[in-house]
Amino acid sequence: MAPLLHALPVLLVALSFFSHNLTRLLWINAALCASMAWLFLYQSAWAGMAMMLVASGSSLYRLATQRAVTPGQSVMLILILTGGIFLLSYQSGSSWLTLIPAITFALYRYGELSCNERGLRTCIVSGSSLFLVYCWYTQTWGALMTEALFILSNSYYLYRLTKTATDNADLR
């Protein structure tokens, strides 16, 4: 069972290399977060599990509404949800590492709820870079590989978005 729990997120993140638009990225992120929640549950990494469950729900919300929320609404949602994740993790006896999933969650959700594709991918790369530390500490190797691949795929698409913007600017 453990190898499957570690492999599923890695397989799902491989799909992120084919997430050519925001909708695909959100679907992949929702499925990826749900699979990682199971993995963190198995590892008894409660902060990671809580963050991933809420993150999956957040991706599904953005897909259902098909619109970004205002910056004020985004900040309010992030504060409430991040506070809930932190409180749950703290009550379960987690250490200072509880802050890492909470900060990562805040970065992901800000990008997801109120940014365009470029902003979302920038927030994902930043949050995933930080979350690598948590995955290493909890020895959740499937999640660690997943985050590394997610950084790679989103960095690639950031490069493509930048190159396209630069090429379009040169045509003017």
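Our structure is the block above this text.
Given the structure is predicted, the values throughout are model-derived calculations rather than measurements.

Calculation notes
- Residues numbered from 1 in each chain as written.
- Predicted model: local features only at pLDDT ≥ 70, side-chain atom pairs only at ≥ 80, totals over all residues.
- Heavy atoms only, no water.
- Helix = DSSP H or I, 4+ residues; strand = E, 2+ residues; numbered from the N terminus.
- Rg over C-alpha atoms; globule rule 2.2 N^0.38 Å.
- Buried < 20%, exposed > 50% of the residue type's maximum accessible area, 1.4 Å probe, protein only.
- Contact = heavy atoms within 4.5 Å.
- Areas by Shrake-Rupley, 256 points an atom, 1.4 Å probe, with all protein chains shown as cover.
- Axes fitted to C-alpha atoms, helices over the stretch in contact; angles between N-to-C directions.
- Parallel < 35°, antiparallel > 145°, perpendicular 65-115°, else oblique.
- Patch = residues over 30% accessible without salt bridge, like charges linked within 9 Å, V, L, I, M, F, W, Y side chains within 5 Å.
- Salt bridge = Lys/Arg side-chain N within 4 Å of Asp/Glu carboxyl O.
- Core = buried A, V, L, I, M, F, W, Y, C linked by side-chain atoms within 4.5 Å.
- Nonpolar A, V, L, I, M, F, W, Y, C, P; charged D, E, K, R; others polar.
- Phe/Tyr/Trp six-rings, centres within 6.5 Å; stacked < 30°, edge-to-face > 60°.
- Expected span 1.5 Å × (residues − 1).
- Bend = angle between axes of the 7 residues up to and from the residue.
- Polar contact = N/O pair within 3.5 Å; in protein donor to acceptor, adjacent residues only side chain to side chain.
- Disulfide = S-S within 2.5 Å.

Enquirer: What am I meant to see in the overall build of the protein chain here?
Expert: Within the protein chain, the regular secondary structure consists of seven helices and zero strands. Traced from its N-terminal end to its C-terminal end, the protein chain shows the element sequence α-α-α-α-α-α-α. What you see for the protein chain is a C-alpha radius of gyration of 16 Å, in line with the 16 Å of a compact globule of 172 residues. Counting every position in the protein chain, which comprises 172 residues, the buried fraction comes to 44%. Contacts spanning at least 24 positions in sequence make up 73% of the contacts within the protein chain whose residues lie at least 6 apart. Put simply, the protein chain shows about 8,800 Å² of open surface, and 71% of that area lies on carbon and sulfur atoms.

Enquirer: For this particular structure, what's the right way to read the environment of W46?
Expert: By secondary structure assignment, the location of W46 is in helix α3 (residues 46–65). For W46, a relative accessible area of 33% translates into the label partly exposed. Considering only alpha carbons, one finds W46 and L88, 42 residues apart in sequence, at a separation of 8.0 Å.

Enquirer: In this structure, what is going on with the packing of helix α5 (residues 99–114) against helix α6 (residues 117–137)? I would like to understand it.
Expert: The geometry of a pair of packed helices is captured by two quantities: the angle between their axes and the separation between those axes. At their nearest, the axes of α5 and α6 sit 8 Å apart, and the two run at 170° to each other. Viewed along their axes, α5 and α6 adopt a mutual orientation that is roughly antiparallel. Residue-level inspection shows I100, P101, I103, T104, L107, Y108, Y110, G111 and E112 of α5 in contact with α6, the latter providing G119, L120, C123, I124, S126, G127, S128, L130, F131, V133 and Y134.

Enquirer: Even after reading the chapter, I still don't get a nonpolar patch on the surface, so can you show me in this structure?
Expert: A surface patch of nonpolar side chains, amounting to about 350 Å² of accessible area, comprises M76, L77, I80 and L81. Secondary-structure assignment places L77 in helix α4 (residues 71–91). The class of L77 is partly exposed, set by a relative accessible area of 34%.

Enquirer: Sorry if this is basic, but what is going on with the nonpolar core here?
Expert: Among the nonpolar cores identified, the biggest contains 31 residues, and M36, F40, M52, F131, Y134 and F150 are the most heavily contacted of them. Elements represented by at least two residues in this core include exactly α1 (2–14), α2 (22–42), α3, α5, α6 and α7 (141–171). Once you skip the residues sitting within four places of it in the chain, F131 turns out to touch M36, F40, G48, M51, M52, I100, P101, T104 and E147.

Enquirer: Any chance you could explain the packing of α3 against α5 here in plain terms?
Expert: In the contact formed by α3 and α5, the axes pass within 10 Å of each other and the chain directions differ by 5°. In terms of orientation, α3 lies roughly parallel with respect to α5. Contacts between α3 and α5 involve A47, G48, M51, V54, A55, S58, S59, Y61 and R62 from the former and P101, T104, F105, R109, G111, E112, L113 and S114 from the latter. Classifying every residue of the contact of α3 with α5 by side-chain character gives eight nonpolar, six polar and three charged.

Enquirer: What's the story with the packing of aromatic side chains in this structure? I'm lost.
Expert: Each aromatic ring pair is specified by the distance between its two centres and by the angle formed by the two planes. Applying the stated criterion across every chain yields a total of four aromatic pairs. Between F40 and F131 the ring centres are 5.7 Å apart and the planes differ by 75°, which places this aromatic pair in the edge-to-face class. One end of the pair, F40, is in helix α2; the other, F131, is in helix α6, with 91 residues separating them in the sequence. Grouping residues by exposure puts F40 and F131 together as buried. Between Y156 and Y157, the ring centres sit 5.1 Å apart and the planes meet at 75°, which makes this aromatic pair edge-to-face. Look at Y156 and you get partly exposed, because its relative accessible area is 41%. Of the aromatic side chains, those joined through ring pairs into one cluster are F40, F131 and Y134.

Enquirer: Can you walk me through α6 in this structure?
Expert: One full turn of an α-helix is made of 3.6 residues, so residues set three or four places apart face in the same direction. Across its 21 residues, α6 extends 30 Å between first and last C-alpha, which sits within 8% of the 30 Å expected from 1.5 Å per residue. Along α6, the sharpest kink reaches roughly 25°, centred on L130. If you check which residues of α6 are buried, you get E117, G119, L120, R121, C123, I124, V125, G127, S128, F131, Y134 and C135. Capping the start of α6 is the job of one residue whose side-chain oxygen sits 3.2 Å from the backbone nitrogen of R118: N116. Once α6 finishes, Q139 follows within two positions and takes phi at roughly 55°, a positive value.

Enquirer: When you look at the state of the cysteines in this model, what are you seeing that I'm missing?
Expert: Here a disulfide denotes a covalent bond joining the sulfur atom of one cysteine to the sulfur atom of another. Scanning the model with the defined rule gives zero disulfides in all. There is no disulfide at C33, and the cysteine sulfur nearest it, in C135, is 11 Å away.

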